[in-house]
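Residue-level structural notes
Below, each chain spelled out in residue letters.
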Amino acid sequence: MQNTRNAALLLVLILALLAGCTAPAVAPAAPAGGQEAPGVQPADAAAQPQATGGQVVIAPGQPIRIGGSFALTGPIPDPGKDIRQAAEIAIDDLNAAGGVNGFLFELVAEDGACSGDQGTVVGNKFAADPTIVAVTGGTCSGETFGLKPILLNARIPFVSPSATNPAVTGPDCDVCNRVALSDALQGVVDADFVFNQLGLTKVAVMHDNSDYGKGLAEIFQNAFIELGGEVTHFEGVQVGDTDFRAALARIGASQPELIFFGGYSTEAALITQQMKETPGLENAKFMSDDGAYTQQYLQAAGSAAEGAYMSFVAGDQQADKLAAFTEAYVAKFGVEPSQLGPFHGQSYDSVMLIADAIKRVAEVDSNGNLVIDREALIAAIRATEGLEGITGTLTCNEIGECGAGGVQIFVVENGEFKQVAGFGL
Amino acid sequence: MTVTTYSSTPLPRRRKSAAHWVLRALGVLILVLVIWRVYTVGMAENYPASFWISQALNGLVLGGVYALVALGYTLVYGILLMINFAHGEVVMIGGFAGFFALQFFTAIGWLEGSAALVAFALLLIVGAGMLASVLTGVTLERVAYRPLRGAPRLVPLISAIGASLFLQYSVLLIFGVSPRVYQKPALIAGGFRVGDVFVPYTGVIIFATSLLLMLALYLIVQRSKLGKAMRAVAEDKGTAALMGIDVNQVIVFTFILGSALAGAAGVMLGFHNTIVKFNSGFILGLKAFTAAVLGGIGNIPGAMMGALLLGLIEAIGPSALGIPTEYKDIISFSVLVLILIFRPSGLLGEVLSEKKA
């Protein structure tokens, strides 16, 4: 009796622990339309940056250190690795071109794990390191929400290559920038594609409860209803779950024509497979987003993926630059970047954008040190205009949206993505 | 204000009985509320009967997997009175071994041969998963638990949690974070249809195999000589040793049994859900442990019953109560808490508590 009681008590303890672990996964995501992300309070007056702003002084021979928050573990490790490697290529290219006044760049890569918690950890690490000049990242939106308040407070500007939740940037955050395009665009284009081009009016929306997935799903849902369509279900699942049959059976009961999923590749692949076994959904179409637009999705979903739609917020690819980049990438890492993930161009450009701003503000003082004024750098990144990158001509607007390009829509055909609509076609 | 002093003997008893009745009334109230909710919300959706049947089938398959894993917890608890928290990782390693065996048999072309050959290969794949799990389980026992046999009860528990993390992150380092994907051979891909209900072949195989394995386990424990020894050791280690039973051998045998079931569960789940990764045993392990506690930990039929019940609740609960499926875990853990409040030793725990008291 006593033993069983102890076991029960222990179970409750473990559950409490587990609840603590998974809490960020179920935290509500940012509402659509550029509002503040929940859980990320705007820094109050007392926490606002000290007026001095400070300077980074780099002694001769020392590198210019750029932090990087990459999702190397978590739900999308392959795209995270791709983004990191693309950033390394950018650093190599910068150093091959002589750096800034003879000072070379160095990438300080950390694992942001695609989670808000880990984003906070990485942010604190960078904030505590006075040699970090700027940050490229985070990979995921949730991760970036973790970084954002800390970097804002520490006056370290960041440029995210791939965080697409609308609330990542905003008028209240002068250090927040991104090269990726906001989901405010993607969700609306997706809804328009489903309603007007596929001609479907009855859909179900699913999401993975991440800041990114749920945010995008909400935008899609709102846009679809606005167009006059019907959304039968709005169901969340948990990242890491592998059996979605119960949720799908429920959705199947209302027989939607398409399921839109906001989330990452593993869950998207499992839903694609299990849909085929669910009464009412055998012939329903599947559509997902740039988080699932990966080789990993194709591999995991197998033949069930045929006919699935994916959207991707693509840059305006500059063919010659991309070719040179791919060549350097394959030479260094032995793998085609597109085998790992879609965001390498954005990642390369995000580092280039930071470096370009540094070049504009860095000065050499009388002792031969390189001096970078933090406030000047923040302003310089925001002032970027007409920078030629792999993903197009980058110009930052007043809230830090620096990306070029538009939304592309792909269909899976014979195990490969084939573009069917959208930008650049 | 009057101060009354009571003699201490009769009152606690009366108070306990009052609390007991309050608890009973509360239980009935909760039950009525749940039924009312199911009647007004769940039934109002007017799902067809085929919907409930397919949800129940999903639940039974899930329950079958939970049962195989829960038995590992309950067997070890019954004998060592410790919770083997690394058991979920034993399942995961079985899943990985099954994946590599599958790759091997695909490479040598057995999975495109005749149905009999494919079935034989599948058996070997499950066998490979079981073997890997058994090796892991036995090593765990030898390295992480046996040296701590005489230590206070919390010590092996901490060691188990450490072993769990060690195994998870070793697999992470060796095989990376990306999930491994099982490719179902044509023989077991898809399923058949009964009316509006779709039944996947893998689901049938999982349920049937778990019933068979549970029956085999029951026979081993109840009928074989080693089973008798296991029960004796569970009753009283010291006395069993005096009777000439090799306690260490019995404990190793218990780990072998539990891990073999876990390995089978890992491989079958790999075929069913197609994905295995370094942390896929973690949540599964917790759920199975919940199932074991639900049924009364240490009790073998209890673990089976608790697991099937938990699987059914997870599959049917959200639809019946009319709440989003993402809250399925809340429902199952609420049921656990409620059952522990009303039956602190689990559904079938009484038998055990009498024995152990």
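Everything numeric in this text was worked out from a predicted model, so none of it was measured.

1. Some points on the overall build of chain A
Check the secondary structure of chain A and you find 13 helices and 17 strands. Residues counted as buried form 56% of the 425 residues belonging to chain A.

2. Let's talk about the confidence of the model for chain B
All names here are of chain B. Looking at chain B as a whole, the pLDDT averages 86, with 93% of positions reaching at least 70. Mean pLDDT values for the elements of chain B range from 50 in helix α13 (residues 349–356) up to 94 in helix α3 (residues 87–107). Note on residues 1–12: pLDDT is under 50 here. Beyond four places in sequence and across chains, it has one contact. Predicted confidence is poor over residues 351–357, with pLDDT under 50, and the contacts of this stretch with residues over four places away or in other chains come to twelve contacts. Scoring the predicted complex yields pTM 0.80 and, for the interface, ipTM 0.80.

3. Quick word on the pairing of strand β11 (residues 309–314) of chain A
Residue and element names in this part refer to chain A. In terms of residue burial, β11 counts as a mostly covered element, since six of its six residues are buried. Of the two faces of β11, the one carrying Tyr309, Ser311 and Val313 and the one carrying Met310, Phe312 and Ala314 are both buried. In the sheet, strand β10 (residues 285–288) pairs with β11 via two bridges, with the strands oriented parallel. Bridge pairing links Met287 to Tyr309 in β11. In terms of handedness, the path from β10 via helix α9 (residues 295–301) over to β11 forms a crossover that is right-handed. Bridge analysis of β11 against strand β16 (residues 406–413) gives six bridges, and the strand direction is antiparallel. Each residue of the ladder has a partner; that of Ala314, found in β16, is Gly406.

4. Quick look at the domain arrangement of chain A
Residue and element names in this part refer to chain A. The domain architecture assigned to chain A consists of domain 1 (7–22 + 183–314 + 407–423) and domain 2 (45–180 + 317–394). Here domain 1 and domain 2 have C-alpha centroids that lie 30 Å from each other. Facing the 20 residues of domain 1 at the interface are 16 residues of domain 2. Looking at the side of domain 1 that touches domain 2 residue by residue, the classes come out as eight nonpolar, nine polar and three charged.

5. Concerning the sheet that holds β11(A)
Residues and elements named next belong to chain A. Overall, mixed pairing links the seven strands, which are arranged β8-β7-β9-β10-β11-β16-β17 in an open sheet. Both edges of this open sheet fall to β8 (230–236) and β17 (416–422), since each of them pairs with a single strand only. Strand-to-strand twist of the sheet, defined as the mean angle between neighbouring strand axes without regard to direction, takes the value 25°. Bridge count for strand β7 (residues 202–207) against strand β9 (residues 258–262) is five bridges, and the pairing is parallel.

6. What to know about the pairing of strand β4 (residues 132–136) of chain A
Residue and element names in this part refer to chain A. Most of β4 is tucked away, with four of its five residues classed as buried. Bridge count between strand β2 (residues 64–70) and β4: four bridges; the pairing is parallel. For Arg65, the partnering residue across the bridge sits in β4 and is Ile132. One ladder, built from two bridges, connects β4 with strand β5 (residues 158–160); its direction is parallel. In the sheet register, Val135 faces β5, and the bridge partner there is Phe158.

7. Concerning the packing of helix α2 (residues 49–80) of chain B against helix α10 (residues 280–295) of chain B
Residue and element names in this part refer to chain B. Look at α2 against α10: their axes get within 8 Å of each other, and the N-to-C directions meet at 70°. Between α2 and α10, the angle is such that the two are roughly perpendicular. Every residue of α10 that contacts α2 at Tyr66, Val69, Ala70, Tyr73 and Thr74 is listed here: Leu284, Gly285, Lys287, Ala288, Phe289, Ala291 and Ala292.

8. Some words on the nonpolar core
Nonpolar side chains in soluble globular proteins generally cluster together in the buried interior. Ranked by internal contacts, the top residues of the largest apolar core, which has 219 residues, are Ile259(A) and Ala70(B). In terms of residue count, the dominant contributor to this core is α2(B) (18 residues). No fewer than three residues from each of domain 1 (7–22 + 183–314 + 407–423) and domain 2 (45–180 + 317–394) of chain A sit in this core. Not counting residues within four places of it along the chain, the set of residues in contact with Ala70(B) comprises Ala288(B), Ala291(B), Ala292(B), Ala303(B), Gly306(B) and Ala307(B).

9. Describing the sheet that holds β2(A)
Backbone hydrogen bonds hold the strands of a sheet together, and the pairing may be parallel or antiparallel. Residue and element names in this part refer to chain A. An order of β3-β2-β4-β5-β6 is seen for the five strands of this open sheet, with the pairing classed as parallel. The open sheet terminates on both sides in strands that have one partner only, identified here as β3 (105–111) and β6 (176–178). Taken pair by pair, the neighbouring strands of this sheet meet at an average axis angle of 25°, ignoring direction. Against the sheet, helix α2 (residues 77–96) engages β2, β3 and β4, with an angle of about 170° to β3.

10. Re the interface of chain A and chain B
At the interface, 38 residues of chain A touch 48 residues of chain B. Mapped by element, the contributors of at least two residues to the side of chain A that touches chain B are α1 (2–26), α2, β8, α7 (245–252), α8 (265–275) and α9 of chain A. Here the element with the most residues in the side of chain A that touches chain B is α1(A); it accounts for ten residues. Taken together, the residues of the side of chain A that touches chain B break down into 17 nonpolar, 14 polar and seven charged.

11. Some points on helix α12 (residues 344–361) of chain A
Taking 1.5 Å per residue as the helical rise, α12(A) with its 18 residues ought to reach 26 Å, and the 26 Å between its terminal C-alpha atoms agrees with that figure. With 14 of its 18 residues buried, α12(A) lies for the most part within the structure.

12. Thoughts on the environment of Ala379(A)
Residues and elements named next belong to chain A. Structurally, the position occupied by Ala379 is in helix α13 (residues 374–382). For Ala379, a count of 15 C-beta atoms within 10 Å corresponds to the partly exposed category. Sequence-wise, Ala379 and Glu143 are 236 residues apart; in three dimensions their C-alpha atoms are separated by 24 Å.

13. Topic: unusual backbone geometry
All names here are of chain A. Gly137 connects to Gly138 through a cis peptide bond whose omega is -5°. Within the secondary structure, Gly138 is located in the loop between β4 and α4 (141–154). In this model, Cys114 sits at a positive phi of 65°, which is unusual for a non-glycine residue. Mapped onto the elements of the fold, Cys114 is located in the loop between β3 and α3 (116–127). Residues other than glycine seldom take positive phi values, yet Gln255 does so here, at roughly 50°. Mapping Gln255 onto the fold places it in the loop between α7 and β9. Residue class for Gln255 comes out partly exposed when judged on the 14 C-beta atoms lying within 10 Å of it.

14. Let's talk about the packing of α2(A) against α12(A)
Residue and element names in this part refer to chain A. In the contact formed by α2 and α12, the axes pass within 8 Å of each other and the chain directions differ by 40°. On the basis of the axis angle, α2 is oblique to α12. For the pair α2 and α12, the sense of crossing is right-handed. Together, Asp82, Ile83, Ala86, Ala87, Ile89, Ala90, Ile91 and Leu94 of α2 and His344, Ser347, Tyr348, Val351, Met352 and Ala355 of α12 make up the contact between the two elements. In terms of residue class, the contact of α2 with α12 is made up of eleven nonpolar, two polar and one charged.

Reading the values: the criteria
- Residues numbered from 1 in each chain as written.
- Chains lettered and ligands numbered in written order.
- Predicted model: local features only at pLDDT ≥ 70, side-chain atom pairs only at ≥ 80, totals over all residues.
- Helix = DSSP H or I, 4+ residues; strand = E, 2+ residues; numbered from the N terminus.
- Buried ≥ 20, exposed ≤ 12 C-beta atoms within 10 Å, placed from the backbone.
- pLDDT = per-residue confidence, 0-100.
- Contact = placed C-beta atoms within 7 Å.
- Pairing = 2+ DSSP bridges.
- Right-handed = clockwise from strand over helix to strand, strands pointing away.
- Domains from an automatic or database assignment.
- Nonpolar A, V, L, I, M, F, W, Y, C, P; charged D, E, K, R; others polar.
- Axes fitted to C-alpha atoms, helices over the stretch in contact; angles between N-to-C directions.
- Parallel < 35°, antiparallel > 145°, perpendicular 65-115°, else oblique.
- Core = buried A, V, L, I, M, F, W, Y, C linked by C-beta atoms within 7 Å.
- Expected span 1.5 Å × (residues − 1).
- Left-handed = near helix turned anticlockwise from the far one by under 90°.

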